[in-house]
Amino acid sequence: MSTPVAPNSVTVRGAREHNLKGVDLTFPRDALVTFTGVSGSGKSSLAYHTIYQEGQRRFLESLSSYARQFLGKMEKPKVDHIDGLSPTVSIDQKSTGASPRSTVGTMTEVLDFLRLLWARLGLPTCPECAATIENWSVDRITQAVSETYADQPIMVLAPVIRERKGEYRKELADFRTRGFVRARIDGVVRRLDEDIELHRYKYHTIELVLDRLKVEPEKSSRIAEAIEQALALANGLVAIVRGEGDDYRVFSTLRACPNGHGSIPEMEPRLFSFNSPVGACKVCDGLGTVQSFSEDLLVRDASLSLAEGALHVITDEGRLVYSNYSLEYLAEVGKQFGFDLTTPWKKLSPTARKVILHGSGKVKFKFEWKREGAMWTS
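Described below are features of the structure shown in this document. (Residues numbered from 1 in each chain as written. Predicted model: local features only at pLDDT ≥ 70, side-chain atom pairs only at ≥ 80, totals over all residues. Heavy atoms only, no water.)

This part takes up the packing of helix H5 (residues 138-148) against helix H7 (residues 220-233). Two elements in contact, H5 and H7, have axes separated by 10 Å at closest approach and are oriented at 125°. Considering the angle they form, H5 stands oblique to H7. Handedness of the H5/H7 crossing: right-handed. Residues Val 138, Ile 141, Thr 142, Val 145 and Ser 146 of H5 form the contact with H7, whose participating residues are Ser 220, Ile 223, Ala 224, Ile 227, Glu 228 and Leu 231. Residue composition of the contact of H5 with H7, grouped by class: 7 nonpolar, 3 polar and 1 charged. (Axes fitted to C-alpha atoms, helices over the stretch in contact; angles between N-to-C directions. Helix = DSSP H or I, 4+ residues; strand = E, 2+ residues; numbered from the N terminus. Parallel < 35°, antiparallel > 145°, perpendicular 65-115°, else oblique. Left-handed = near helix turned anticlockwise from the far one by under 90°. Contact = heavy atoms within 4.5 Å. Nonpolar A, V, L, I, M, F, W, Y, C, P; charged D, E, K, R; others polar.)

And the structure:
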């Protein structure tokens, strides 16, 4: 009579590999299970030479005879039977780096197969409205451009290179000989007759400028012609930039949201890789964590002023930690943004706090300060 198998579990009967003496056990699936014991008690024999090896053997037997001839043959471990076992993977017992980019998926190379699976069998949907991504015709793209950018200046671009490494000297020279005058390279419009040098090991995006015009009803045929040319050059993609680049949108004859939320490029494995700038999260760069500081922890006492040491980064001598800057510099900044060093931190305006903690951003200003008879201007 066969032993009944517990649901959602793996059952091992009669394991006799190495020093195991007919071991029987049952452990749950989809759970973290640890084998513990003194050295030589048979932990590795049970985990690797019995359970893992049998899972691998069964997986290889499921492949075609043609594929098996390249993978070799695995012997059946000394065990009566194992029930509830699925294909297995193993990670070597070795020290690895503490990089957050190293995961079980990358170490076992399973992620490479998953990325290929998702790219080939995945059904893309719009991240905004969850609608199924569908193809756009040239007429539909032209109509969308005419309605969305009515009476506004636009550039029609052909994204021929999208986030790829290389210098592209030959390609740029070829575009120039074919009559193209300008290209938008990494967000900047440049003339192709310039001496353009791109970093060989950095990712670049090159978009040919096909037309620059103001969207008006009488120019619909001109817009359609530029769109058709862009689609032909960029394998079904066309980009529209409004004004000075404050609005950027890609249309595609391959995959686009039916509700007008834009399009996505053709699905490929690198879109699902956190080690690629194309697939990595734009916020954490694929690391899974974001480093920042807490204002609550940075403020020593909100009732104190900056001059009194309200922040932990201000020393008792009135200087900033890990810096040669003194509060005199901060006082000059305060003059430009309307705060002083004697106001308690809790009474400072949100703008003042932002400038102190994060800087002025794109806001530029000029101030002067004197020290020992000399004057500096910045």
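Following the sequence through the fold, Gly 236 ends up in the loop between H7 and strand S8 (237-242). Those residues in contact with Gly 236 that sit more than four places away from it in its chain are Leu 231, Phe 251, Ser 252, Thr 253 and Leu 254.

Once that is clear, we can look at the nonpolar core. Counting residues in hydrophobic clusters, the biggest one holds 40 residues, and the most contacted among them are Val 145 and Val 238. The leading source of residues in this core is strand S4 (residues 153-165), at 6 residues. Among residues more than four places away in sequence, those in contact with Val 238 are Ile 141, Val 156, Leu 157, Pro 159, Ile 227, Ala 230, Leu 231, Arg 249, Val 250 and Phe 251. Counting 15 residues, the second largest nonpolar core, distinct from the first, contains Val 299, Ala 310, Ile 314 and Trp 345. (Core = buried A, V, L, I, M, F, W, Y, C linked by side-chain atoms within 4.5 Å. Buried < 20%, exposed > 50% of the residue type's maximum accessible area, 1.4 Å probe, protein only.)

Per the counting criterion, the structure on display carries 16 salt bridges. Between Glu 54 and Lys 76 there is a salt bridge, with the nearest N and O atoms lying 3.7 Å from each other. Within this pair, whereas Glu 54 is found in helix H1 (residues 43-61), its partner Lys 76 is found in the loop between helix H2 (65-71) and strand S3 (81-83), the two being separated by 22 residues in sequence. Judged by relative accessible area, which is 43%, Lys 76 ranks as partly exposed. A salt bridge links Arg 270 to Glu 268, with the shortest nitrogen-to-oxygen separation between them at 3.1 Å. On the basis of relative accessibility, which here comes to 18%, the residue Arg 270 falls in the buried class. (Salt bridge = Lys/Arg side-chain N within 4 Å of Asp/Glu carboxyl O.)

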